[in-house]
Every structure is written in C-alpha cells, then in structure tokens.
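Here is what each chain is made of, one letter per residue.
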Amino acid sequence: MTKKDKKSFHQSLAEWKLFLYNPTTGAFLGRTAKSWVFYGFLAALFTFTMWVMLQTLNDEVPKYRDQISSPGLTVFPKPVTALEYSFSVSEPESYKGYIEDLKKFLTPYASEAQKNLKVCTDGALSEQKGPVYEACQFPLNLLEACSGENDPEFGYSQGHPCILVKMNRIIGLKPQGQPRIECTGNSKGENTTTLLAYPPEGNIDLKYFPYYGKKLHASYLQPLVAVQLNYTASSTPKEVTVECKIVGSKNLKNYDDRDKFLGRVAFKITMRA
Amino acid sequence: MGQKTPRIYSVELNGAKDMKQTDKGDGKDKYRGLQDNCLELRNNQRQEHLTKEIDLDDHKLSNKELETKYHTNIVTGLSSTQAAELLARDGPNALSPPKETPEIIKFLKQMVGGFSILLWAGAILCWIAYGIQYSSDKSSSLDNVYLGTVLALVVILTGIFAYYQEAKSTNIMASFSKMIPQQALVIRDSEKKIIPAEQLVVGDIVEIKGGDQIPADIRLLFAQGCKVDNSSLTGESEPQSRSCEFTHDDPLETKNIGFYSTTCLEGTATGMVINTGDRTIIGQIASLASGVGNEKTPIAIEIKHFVHIVAGVAISIGVLFFIIAVSMKYRVLDSIIFLIGIIVANVPEGLLATVTVTLSLTAKRMAKKNCLVKNLEAVETLGSTSIICSDKTGTLTQNRMTVAHLWFDNQIFMADTSEDQLKQTFDQSSGTWASLSKIIALCNRAEFRPGQERVPIMKRVVVGDASETALLKFSEVVLGDVMEIRKRNHKVAEIPFNSTNKFQLSIHKTDDPIDKRFLMVMKGAPEKVLEKCSTIMVNGQEQPLNNSTAEAFYTAYMELGGLGERVLGFCHLYLPADEFPETYSFDVDAMNFPMSDLCFVGLLSMIDPPRSTVPDAITKCRSAGIKVIMVTGDHPITAKAIAKSVGIISANSETVEDIAKRLNIAVEQVNKQDAKAAVVTGMELKDMSEDQLDEVLTSYPEIVFARTSPQQKLIIVEGCQRQDAVVAVTGDGVNDSPALKKADIGIAMGIAGSDAAKNAADMVLLDDNFASIVTGVEEGRLIFDNLKKTIAYTLTKNIAELCPFLIYIIVGVPLPLGTITILFIDLGTDIVPSIALAYEKAESDIMNRKPRHKKEDRLVNKPLAVYSYLHIGIMQSLGAFLVYFTVYAQEGFRPSTLINLRVEWEKDSVNNLEDSYGQEWTRYQRKYLEWTGYTAFFIGIMVQQIADLIIRKTRRNSIFQQGLFRNKVIWVGIASQIIIALILSYGLGSITALNFTMLRPQYWFVAVPHAILIWVYDEVRKLFIRLYPGSWWDKNMYY
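In this text the structure is predicted, and so the values were computed from the model without any measurement.

Our focus in this paragraph is the overall build of chain A. If you tally the helices and strands in chain A, you get five helices and 10 strands. Counted over contacts in chain A with a minimum sequence separation of 6, partners at least 24 positions apart contribute 74%. Surface accessibility of chain A: about 15,000 Å² in total, with carbon and sulfur atoms responsible for 56%.

Attention now moves to helix α31 (residues 862-891) of chain B. All names here are of chain B. Taking 1.5 Å as the rise per residue, α31 with 30 residues should run 44 Å; its terminal C-alpha atoms sit 42 Å apart, in good agreement. Gly-873 marks the point of greatest bend in α31, at about 40°. Looking at where α31 begins, the residue whose side-chain oxygen comes 3.1 Å from the main-chain nitrogen of Leu-864 is Asn-861. With its phi angle positive at about 130°, Gly-892 sits one or two positions after the end of α31.

Disulfide: a covalent bond connecting the sulfur atoms of a pair of cysteines. All names here are of chain A. Inspection of the entire model under this criterion finds three disulfides over all chains. Sulfur-sulfur distance for the disulfide between Cys-120 and Cys-136 comes to 2.0 Å. The S-S bond linking Cys-120 to Cys-136 shows a torsion near -95°; that makes this disulfide left-handed. In this pair, Cys-120 sits in the loop between α4 (111-114) and β5 (162-167) while Cys-136 sits in the loop between α4 and β5, placing the two residues 16 residues apart along the sequence.

This part is about the pairing of strand β2 (residues 191-196) of chain B. All names here are of chain B. Pairing geometry for strand β1 (residues 183-188) and β2, over six bridges, is antiparallel. Residue pairing in the sheet places Ala-184 in a bridge with Ile-195 of β2. Turn length for the β1-β2 hairpin, with the two strands adjacent in sequence and antiparallel, is two residues, and the turn residue Asp-189 shows positive phi of about 50°.

Another point: the interface of chain A and chain B. Residue-level contacts link 44 residues of chain A with 41 residues of chain B. Looking at the side of chain A that touches chain B, the elements with two or more residues in it are α2 (33-55), β3 (73-76), β5 and α5 (213-216) of chain A. Per element, the largest residue contribution to the side of chain A that touches chain B is 11 residues, and it comes from α2 of chain A. Each residue belonging to the side of chain A that touches chain B can be placed in one class, and the counts come to 21 nonpolar, 10 polar and 13 charged.

A few words on unusual backbone geometry. Outside of glycine, negative phi angles account for most residues, and trans bonds account for most peptide bonds. Residue and element names in this part refer to chain A. Between Tyr-198 and Pro-199 the backbone carries a cis peptide bond, its omega angle lying at -10°. Looking at where Pro-199 falls in the secondary structure, it is placed in the loop between β7 (194-198) and α5. The residue after Phe-209, namely Pro-210, is reached through a cis peptide bond having omega -10°. Assignment of secondary structure puts Pro-210 in the loop between β7 and α5. Positive phi values are uncommon outside glycine, yet Glu-144 reaches one of about 45°. Positionally, Glu-144 belongs in the loop between α4 and β5. Residues other than glycine seldom take positive phi values, yet Phe-154 does so here, at roughly 50°.

A separate point is the domain arrangement of chain B. According to the domain assignment, chain B consists of domain 1 (65-84 + 183-291), domain 2 (371-397 + 611-768), domain 3 (402-605) and domain 4 (777-844 + 862-1001). Put simply, the middle of domain 1 of chain B and the middle of domain 4 of chain B, counted by C-alpha atoms, are 69 Å apart.

Further remarks concern the sheet that holds β7 of chain A. The strands that make up a sheet pair up through hydrogen bonds in the backbone, lying either parallel or antiparallel. Residues and elements named next belong to chain A. Strands sit in the order β3-β5-β8-β7 across an open sheet of four strands; the sheet is antiparallel. Of all the strands in the sheet, the pair left with one neighbour each is β3 and β7. The mean inter-strand angle of the sheet, taken between neighbouring strand axes irrespective of direction, is 30°. Sheet topology note: the β3/β5 ladder contains four bridges and is antiparallel.

Once that is clear, we can look at helix α21 (residues 636-646) of chain B. All names here are of chain B. α21 sits mainly inside the fold: nine of its 11 residues count as buried. Taken as a whole, α21 has its buried residues at Pro-636, Ile-637, Thr-638, Ala-639, Lys-640, Ala-641, Ile-642, Ala-643 and Val-646. The first or second residue beyond α21 is Gly-647, which carries a positive phi of 100°.

Here we come to the packing of helix α34 (residues 923-951) of chain B against helix α36 (residues 968-987) of chain B. All names here are of chain B. In contact at an axis separation of 10 Å, α34 and α36 are set at 175° when each is read in the N-to-C sense. Considered as vectors, α34 and α36 are oriented roughly antiparallel to each other. For the pair formed by α34 and α36, the contact residues are Thr-935, Phe-938, Ile-939, Met-942, Gln-945, Ile-946, Leu-949 and Ile-950 on the first element and Ile-970, Ile-974, Gln-977, Ile-978, Ala-981, Leu-984 and Ser-985 on the second. The class makeup of the residues in the contact of α34 with α36 is 11 nonpolar, four polar and no charged.

Side chains of Ile-1012, Val-1016, Val-1020, Leu-1023, Phe-1024, Leu-1027 and Tyr-1028 of chain B sit close together on the surface and give an oily, nonpolar patch of about 600 Å² of accessible area. Within the fold, Val-1020 of chain B resides in helix α37 (residues 1008-1027).

A word on the pattern of salt bridges. All names here are of chain B. In this structure the tally under the stated criterion is 54 salt bridges over all chains. A salt bridge links Asp-511 to Arg-488; the nearest nitrogen and oxygen atoms lie 3.6 Å apart. Taken together, the positions of Asp-511 in the loop between β15 (503-509) and β16 (518-524) and Arg-488 in helix α17 (residues 482-488) put the pair 23 residues apart, joining distant regions of the chain. The exposure class of Arg-488 is partly exposed, given its relative accessible area of 43%.

Residues and elements named next belong to chain A. On the basis of which strands lie adjacent, the open sheet formed by four strands has the order β4-β10-β9-β6 and mixed pairing. Every other strand in the sheet has two partners, leaving β4 (84-88) and β6 (180-187) as the edge strands with one partner each. Each strand of the sheet is rotated relative to its neighbour by a mean of 20°, with strand direction disregarded. By the bridge criterion, eight bridges tie β6 to strand β9 (residues 238-247) in an arrangement that is antiparallel.

A separate point is the UniProt feature "transmembrane region" (unreviewed entry) in chain B. Residues and elements named next belong to chain B. The sites that carry the UniProt feature "transmembrane region" (unreviewed entry) are, in the present numbering, residues 112-133, 145-164, 306-330, 336-359, 864-887, 970-989 and 1001-1017. Helix makes up 86% of residues 112-133 and strand 0%. Its end C-alpha atoms lie 28 Å apart. Between the C-alpha atoms that bound residues 306-330 there is a distance of 32 Å. The span itself is 88% helix and 0% strand.

Our focus in this paragraph is the environment of Phe-570 of chain B. Residues and elements named next belong to chain B. Considering the arrangement of structural elements, one finds Phe-570 in strand β19 (residues 566-575). Sequence-wise, Phe-570 and Ala-525 are 45 residues apart; in three dimensions their C-alpha atoms are separated by 8.9 Å. When sequence neighbours within four positions are dropped, the list of residues in contact with Phe-570 reads Leu-436, Ile-439, Ile-440, Leu-471, Met-522, Lys-523, Val-529, Phe-600, Val-601, Gly-602 and Leu-604.

Residues and elements named next belong to chain B. You can see Gln-398 is positioned in the loop between β9 (387-390) and β10 (402-408). Here Thr-417 takes part through its backbone oxygen, which lies 2.9 Å from a polar atom of the side chain of Gln-398. Contacts of Gln-398, omitting those with residues within four sequence positions, involve Thr-417, Ser-418, Glu-419, Asp-608, Pro-609, Pro-610 and Arg-611.

Moving on, we come to the side chain of Asp-58 of chain B. All names here are of chain B. By the secondary structure assignment, Asp-58 is in the loop between α3 (44-54) and α4 (63-70). In terms of polar contacts, Asp-58 uses its side chain to reach the side chain of Lys-69, at 2.5 Å. Within the structure, Asp-58 has its side chain in polar contact with the side chain of Tyr-70 (distance 2.5 Å). Those residues in contact with Asp-58 that lie beyond four places of it in its chain are Leu-66, Lys-69, Tyr-70, Arg-219 and Ile-274.

This part is about the UniProt feature "transmembrane region" (unreviewed entry) in chain A. Under the local residue numbering, the UniProt record ascribes the feature "transmembrane region" (unreviewed entry) to residues 36-54 of chain A. Taken end to end, residues 36-54 of chain A is 100% helix and 0% strand, and its two terminal C-alpha atoms sit 26 Å from one another.

Glancing now at the confidence of the model for chain A. Considering every residue of chain A, the mean pLDDT works out to 82; 83% of them sit at 70 or more. Model confidence for chain A, summarised as mean pLDDT per element, is weakest for strand β2 (residues 27-28) of chain A at 58 and strongest for β5 of chain A at 91.

With respect to the helices, strands and loops of the structure, Leu-563 of chain B is situated in the loop between α19 (547-562) and β19. Put simply, Leu-563 of chain B and Thr-932 of chain B are 369 residues apart on the chain and 79 Å apart in space, counted from C-alpha to C-alpha.

About the cut-offs
Residues numbered from 1 in each chain as written. Chains lettered and ligands numbered in written order. Predicted model: local features only at pLDDT ≥ 70, side-chain atom pairs only at ≥ 80, totals over all residues. Heavy atoms only, no water. Helix = DSSP H or I, 4+ residues; strand = E, 2+ residues; numbered from the N terminus. Contact = heavy atoms within 4.5 Å. Areas by Shrake-Rupley, 256 points an atom, 1.4 Å probe, with all protein chains shown as cover. Expected span 1.5 Å × (residues − 1). Bend = angle between axes of the 7 residues up to and from the residue. Polar contact = N/O pair within 3.5 Å; in protein donor to acceptor, adjacent residues only side chain to side chain. Disulfide = S-S within 2.5 Å. Pairing = 2+ DSSP bridges. Nonpolar A, V, L, I, M, F, W, Y, C, P; charged D, E, K, R; others polar. Domains from an automatic or database assignment. Axes fitted to C-alpha atoms, helices over the stretch in contact; angles between N-to-C directions. Buried < 20%, exposed > 50% of the residue type's maximum accessible area, 1.4 Å probe, protein only. Parallel < 35°, antiparallel > 145°, perpendicular 65-115°, else oblique. Patch = residues over 30% accessible without salt bridge, like charges linked within 9 Å, V, L, I, M, F, W, Y side chains within 5 Å. Salt bridge = Lys/Arg side-chain N within 4 Å of Asp/Glu carboxyl O. UniProt positions renumbered as here; feature names shortened; annotations may be inferred. pLDDT = per-residue confidence, 0-100.

Structure follows, in structure tokens:
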C-alpha cells in the first residue's frame, strides 16, 4: 500500500466517522438528533402497537383457523427432489438416506418415548377439557413390516420400500366418519403392483383427534400410515407412481384445484436392481 | 419622423408624409433585420435560397416582360391546361404546415420516456429470470413471465394513454386552425372565375377588392385607390397605398407588389401572381420559425428532474440490495427478482399519466377562460412566467379607434371609451355641441352595413376606415339614427379625404325647411382646418378668431396630441342663400365655393383605448412579480400614453426624458437611476449591443418598446431570456412566429392572429385579451402547487411499497407485498385521488408572490422528498406492517416465527411447515396466507393513503383553514380508493392470479390509528411552519 493510498484510507475513515457522528450538526448516521428523536418515537410507537396486537393473541390456539380447514398429506422419508424416490436395491448407499430419515422421524414413536402416553379407546374422538391434555399412544407395531422393528431397512433392501404418509396437524380438527388413507399404485406398462398399507386399509383412528396445539398437547403423536410396495414381477428397473388420498371422512377434503397436497399426495418410486 | 411636429401625433391626417419617409428609412432596415435573422437562424444553404428569392425583380419589369416571363396574357390570363400543369409543378398555393413529428415517433417517445425505461428493464429482467429458471427446471412456474408481461403492458398502456391525451389536445388545435377556404377571382381562358386560392399558380391574373385577403404574392397591373394592410409582414399598422408603378428597388418597399396574406383594405386592383405558397415572402418567413428550436418547457425540465431523482433512488436501492442479497448467499436468480420488485416498488407507474391528466384538466379550465393551450406543458409555463412581452394593439387595447376627447367652448370633454358604451355623459347642452355633432354626423363617409339594427352599436360592422368608423359610432350613440340624419340633410357635393388636402368636406341641404342655405361641413388636420377659419364658435355663438382663442386651440391640440391621440378639427359654414341658391351646382374640381373664413367649431380626438380589464390585469401581474413589457410597432407617444393608461408605466414613474423635461435639463444630465420607466424605439434598439439591451432590461422595471419591427421582438425575447426569465410573448403576425417559437411560451391571438403565428405559438388567446393571460398565469401557478401535492402524495406510498422487499430480503419474513399488488396501488387506488388534488384551491393568494425561480424553486425539492419518503412514508410502512403482522399472527404465525422463515416458506416441497401453534401448512395454504398478507398490506397502505390525501390538500395551512369539503373531488377520490379495494378484496377475491383474498373486515381498521397519526403529525408540521416562519423547521419541512 502506498502512502497516498493510506492517506485516502484515513480520509475515508474520517468521512465515515463524520457520517457516523458529526459533532457540528450532532448528526448520527447522517441524520440529526432531531430526526433520531422522530425515528425513536416511531419505533416506540410501532413497538407499542405491535405489543397491543400481540395481546389480542391466545397462547394456545390461534385466533383464526379458517385458512387450514382441511389437512394436507405429507410423506416420509423426505425425497430430495420433488417427490421422487430413486434407489437401487443392490446398493445400500443409494437408500441409506431414506432409512436414516425414517429412523429419525420415528424416534418419538419409540416405545420408550411413548410409555407415558395414554392408551386410548379405539374408534372415538378423545376430546379433553384440560387443564392437562393427554396424548394417545401410537404403538409402532401398528406399522407392522414398516415399523422398522423387524426390518431396520424398511424393506428397501428387498425391493419392498416403505413410505410413511401422515396428515398435517390442525388444531381442533375432528374428522367425521372413519378416515383412512387410500393409496393406488400405477406402474408403467404393468398393473401388477400391489400396495400394502399398515395399519390395515390405511385406517386412521379417531382417537388421535382433536389436536390441542403445541403448548397444551406437547407430547402429541400423529397417527401414521405406512405404504409398502409389493412387486410380484421382478423386471427392472421399476417405476411406480403412487397416489394417496384421505377417504371415508366428509369433512376432510381430498381434492383441490390448486392445492396438490390437500388431502392427497402423489409420489414416484424408481427402483433399480 | 415625428420631429417636425413634436409631441403631436395625428398620423392619419398630417402624418402620412412622415410615414412615407419612415418607410424609406426604416423599412429597409426591417428588411435587413429579416436577413440578419436568417443568418442567425438558418443554415447557409437555406439562407441563400431565401436571399435569392427575395431578390425578385418582377416589380422592375414592364407588363410585356412579365407576360413573357410567366407565359401568360394580361387580358386573357392563363389557359386551364397551363394552370393545371403549373399547379402540378409548383404544388398548391398554401403554406405547408410546419413539419410534424411522425405519429409513430411520438408514440415511441411515450413508450421510452420517463419511467418506461426502468419498467422495460424490469420486464426484461423478469423474462431473463424465467429463462434461467426454465433452463434449469422445465416445469418452473410462469409467474415471472406474467409479471414481465404485466410490466410491459403497464408501459404500453400508460404510453398509449399519454399519447392519446396529447393527440387530443393537438386535435383541439387542428380543428381550431381549420379555416374557411379562401377564394380568388382569377382570369383564365379569358373568363373570370372564382376558384379556391389554393389552386392559384404563377402567371394567373387575379382581381382583388377592398376586404379581400391577397391570395398570393402579386405584381399589380392595375390599381384604383388600393390600400393594403401590411402589418402581418412588416408590423406597420398604417394602411399603405398600392399602385402599378415601380417606386422602389426593394421589392418589400415598392408599391406595385402585394403580398400574400396581407389584406386589401379598400379600392380595387388587378395583379399577376408571381409567387405562390411557401415561395411567397410570407411563406419564407413562416418557415423561419421552424428554424428556431423549441425550448424545453419548465415543467418538462421539472418532470425530468423528478424522474431522475426517483430513478436514481430506484436504481441505487435496487443495486445496493442486489449486492446485499448476493452477499447474503441468495441465489442470483432470486436477487434479480428482488431487483425487479424494488424497481416496481420505487417507480410511481401512474404518476406521469396523472400529471398528463392534471395538465389537461387545467388546459380545459383555461380554454373556458379563453386560453387555448396547444402544448399541455405550456399550462405550467404560463405560471412560471416572469416577463410578458405584450403587443399593444388588440391585446392591451380594444383594436378600434374610439372618440376619447372633445374640445369645444374652450373646454376639454372626456368621452366614454369603454367596450360597451350606451350613451355619452359629457355636457351636451351647449349650442356649439349641436353644431359639432352635426358636422361629425354629416362629414363622414362611413356607413353601417345594412341589417344590423339589433346589434349593439359598438359591435356593428362598418364600411369605412378606422377614424370614420369611430366617428360614426360615436354620433350614432349620441344622436341616434345617423343614416336618417344624413338622409334628411341631403349631400350635394363632397371632397373625400386625401393626403395632400388633409381635409374632408361635404355640402348638404339642411333638414330645416325654413333655412334654405346649404351647410358646408369640414373636418381635417386641426391646423389645416384652423387656417381656413376666421371665426370660432363659443357657446353656440360665432366669435372672431383672435390670438387668445388661437392660443387656447393650440394648447388643447397639444394636450390631446400629448395623450397619443389622433386629433381632428371640425368647422362649418352656412353658405349664403343669395349666392348659392337651391339649384346651385357645386363642382368639387373647380371648387366653386368658399374655402376660407369658415367657422371653427371644435376638436375631437380618438385613440384605440385600452380594454377595460387590462389595467386590473397589469396590477395583478405587478403584484405577482411579473414584468410586463409592451412591444409595439406604434408611435412612442401613443405607446407611452397607452402604457400609462393601463399601468405598464405606473402613474408616478418617469422616463429619463420626463425627468429631463421636468428639471429642464438635458437628457444626458439625468441620473438614470431616477428613472423607473423607459421607452425604447426600434431605431435605438437597432444600435444597441447585447450588453446595452441587457442593461436596459435589468435597470428599468417598466419598459415600452415602440416602433419596433416584428423581427426585433425576437431580439427582445432573447434579451429577456438571458436574464434567466421565463418569457411569454404575444403576437399575431406571421413575422411574430420566430419570436413566438423562441419564447418560453408563445401566445398567439385567436382573432387577429395569423395561422403561422397560431402554429408557432404554444397557446392561443381566443379573445385576444391580455387579461386572459393573467387568469392563465393564475391557473399555471395553481397547477404547479397542485402537482407538488400530487407528487408528494404519490411518492409517499413508494416507501411503503419498497420496505416490504427490504424487510423480506434482510429479515426473511414471507413477502409482505406482491409486485402485482403494488401495481394495483399505483395504477388503481391511487389514480383518482392524485388527480383529485388538481382540483384543490390555492392556499393563499398565489398572485401575490413572485414567479418561481426556474432553477431554484423545483417541483420536487429536498424537503418534499425527505418528508414524503422518510417521514410520512416510514409511518405508512409501519402502519401497513402492523396490519401484515396482525394477519399472520392471528392465523398462527407470530412475528418471532416469521423471522428467517423465508426459505422454508417458499419451498414447494415443504408441505408441512409448522406454525407457532404446531399446526402444519401445505405450500398452497401458505401461499394463500401470503396473498392474504398482500391484501392486508395493500389495505393498510390504502387506509393511510386516505390520510395522506387529506394532509396533502395543503402545504402550509391547516386542513381546517382550507376546508375539508370544499374540494368535492377529493371525496370522490377517497370513495374510489375504498371501492377499488373492496372490489379487489371481495369481488375478485377468488381470482388468485391477482393475488387478492378476502380480508376480514376488522383488518381494514388496523391501520386507522396510524392514519390518524399521520394527519396529526402533518397538522403539527404545518402549525410550526406557520408559527415560526424562517426557522429550521420551516426550511426543512416546507416543501
């Protein structure tokens, strides 16, 4: 660095200092004290109005729930790209990520973690009055082959991969009828795909509803449905498009023009040998 | 010139010879001046062309030579075939209209002017962004394509709108300038035919008579008592006689050439067409005007300045945040999209269209007040005018001779000179008056055109020259039916006026059945008339004319002449019945009647009086800080008299000459600083250097330029512009067009103005009245103030539109306001209110302050930008953010959750995003909530813009001083805001492409406290401005 540069550096530093604080005008950040009073006042005012607004909120339940009247469906493991699972049966590395994701997702469902939860009666809503809200157990064995208990690789190594489907949580949602998740598979050229669902029929028990919110219902476990691909033919590679949707409940929508995930979900599995 | 009879000006009668001399000396210089201008204004090639054309020698040729030159025959004219060939060769005999910018260029200019470039850039960036998206992901959403298209549409639509507005105002002009096609009486194929003047060709033989416009440049072949008015060419307002003799080398001076578009006042003539259309002298001068560049209007400069400010802010914030975004590890693609958002938020898309509408509304209002504006921007120019160079005749005056004073019985009487005089109130009981009135009525050849009994006397059309018309109307008012009186007093002989005799005489039988004497009446140049008299009538009695009565006569004559009036003397004589029996035959050539020892009756003086509204208008100009300079071709004495009577020279100010006369010292000894007024003649002006002219213009507040040629007007205008003044110039002649073009605002006269002048002007005064200019100034100033308000109003919400993007980029909250939504504010809810501000009344008397300084008083100044952007704008943003946060919080996303949520929020693959309460949202549900947020933010801005609109009604006064309800249009504006918002939220709520959703009614009121705060804050601001004028607050907070 030449001397000249240094000097200009000092100059610019001085200019910056002047911009930060100008002793003659009392300007701070280029604005005078008077205007900082003004902005200070505005900031205080905004904080105050925000505070007033926050007072109108309830800690447990949002004021309005109109924009999520019906739940969306999501799947696990989380695919990397838009809802496409792609792996090779013979290469464990290719599905390792999926398995880890599933394991991670199922951690709260471990029997150890669930032991404090209530065992609820099947087939009825578990409405509660508080002040303490209890969560129902969701025993992992309901997922049978996809529970990961017997097959820690969730069927991926055998070419029968498991995908978990779940309904989004919505506070106060009480499904009518007997909701279940129905999945159909569509394989290119072949219609021999069979899909297995656990619990049987993809049933979702009403006892897991309603949900009372993160604060009141901290230990709540969502009911899950597992879908397992069961190929009869072994020609490779296989490409299956699976569509799942909620059926059997009047107040749970499974079709919306614009929302592709409202009560339904579609994903593709590409499986190589 | 006037030296022989100093301080006396009675041009028509005794000045004719002087006039001729003037012509000889002066006219040549005028011509030279014209050439000088050519040198200045045109390139060499064109100038040569002009010089060559003016070097025409047809006036020197004999009739035979002319016939040969133009292959025509003076008796039979051209043949139709010849004429058709020539017409095909030379084109029609009409001035080609000034070169117009092709419509497509005008249109394209609208497409790229102002903010359009920025928006185009935004649109192109959108398409590029989509291109990048598409190349990486074929299924990417078309949102960016839509946005780009919408932006392009906005540019195109506002462009079309601005183009349409301009075309509309030009059309008003076009319809206006359409004239009744002129006819010409031409001899072709030995037959007299009437053809449209456009079809004349060189060599045609045309006949003209009094009242006709000369249809082309013609060489006179025959003339009888022909007089022409060359004022539109030379500025010379006196009629000039024409004959077929070659009298001068200079084609402009010789009497045997008549010029295109000048008027033949009386007599008849036959002439050969020597030049047609653009090749006529007038045509060449008119095309000079196109050589003078059109100055950029002050408002155009202001708008450019404003566009620069806004574009500068937009680009610098845009680039700054682009860099910030990139360094925050946003993808470049996202950063580009942010850039677009910032540009769209910063550009007030609707503003330029609003300005156009506002200007055209004012233009309409001005048209109602007789100012027709051709160029919309001229509306404001008039408001910033600091010097008006006004014509005298017709603009300041009524453009008709009117009797102003009478002198009889040794007393001066004043006559009523107002526009609509119904009766004269001076003392009419004297016997002298009875005689005088009889002379006035009888010794007059002018007549009313028949069939005008119902028309007010002052408006009737008269056949006859200006003085005789004045006398006829005067006596009609005083005596009643003059025609009837003339019938009863049968005229037996008459000598018409001519410039050698300088008197007019007629002999009548009287209507007194007992008195059989003939009455001889005479009027003429006072001294000539007095020479012929030996007695004078006082109080109805004839008295011998002695020295003292002669003295009284001269004093009165001097006094009236000093007022710049034309003075006429009147005398009569009853011819003794024995010498002149009833059967006596009078012979005007032999003059077989007495021409001496007549009885002098009185004097009468006439002037073209000022319009009654003008003095008031001049006073207004003066209090408005506008200097009014009179520029006239008229005589200095008349000019000064009129200037004094209208107040251009105020009652107590003196010229150097006045002071010299008062102190009885030489002009050179007078301290120039004592003189406030100056009368500068064209002769003096010609010898002045630029610096000297500048000195005159700066050192005298009151200036009259007299005896100037229209060419000198251009010099005066340029001199004024060197003083940094915004100059308005009035003009009517073809020769005025360069000055009209050069002026910041050229004002043509609608009635007296030539087409060329109207073409060159920016504005046309429909009633030729100076007072209309002043109302125009008022409107122009008001519109400048109101445009400030409109711009302040519009700029405010730009901050509220910009902040969402900045917060979105930096804090990572879901986007609070969409780009399309911004367009709905700028081009939807905000349009009518910002136009409504144009209807705001002035806060104080805008005619009591100085014209704005072209370079210092900007339309958009620092206080305006700072106050709109950093005060009200910030307040508004906070208010809108409050609504936004309220909506999100009440739906489940508390502000703390929103921070840094952006990435997850916008991921299409995340369909179970958890809110503050543990609920999970699909992507579309979040999108819908985001749109609800847009709507909420939109409503927040809209509600506060209502407050903004109300505070912008005034800049200094309290709203309560201004009155909340005086401007009803404001309320229309507020209603339109609310209705558009209601439709967007509830009517189109389901059309998701527009990103609006139904918003709960209570959210409409969340921003109301902020709106009230804005109002209160602004009231406090205005209060401090009023309380502490000149303080820090006043300087920084008054825009």
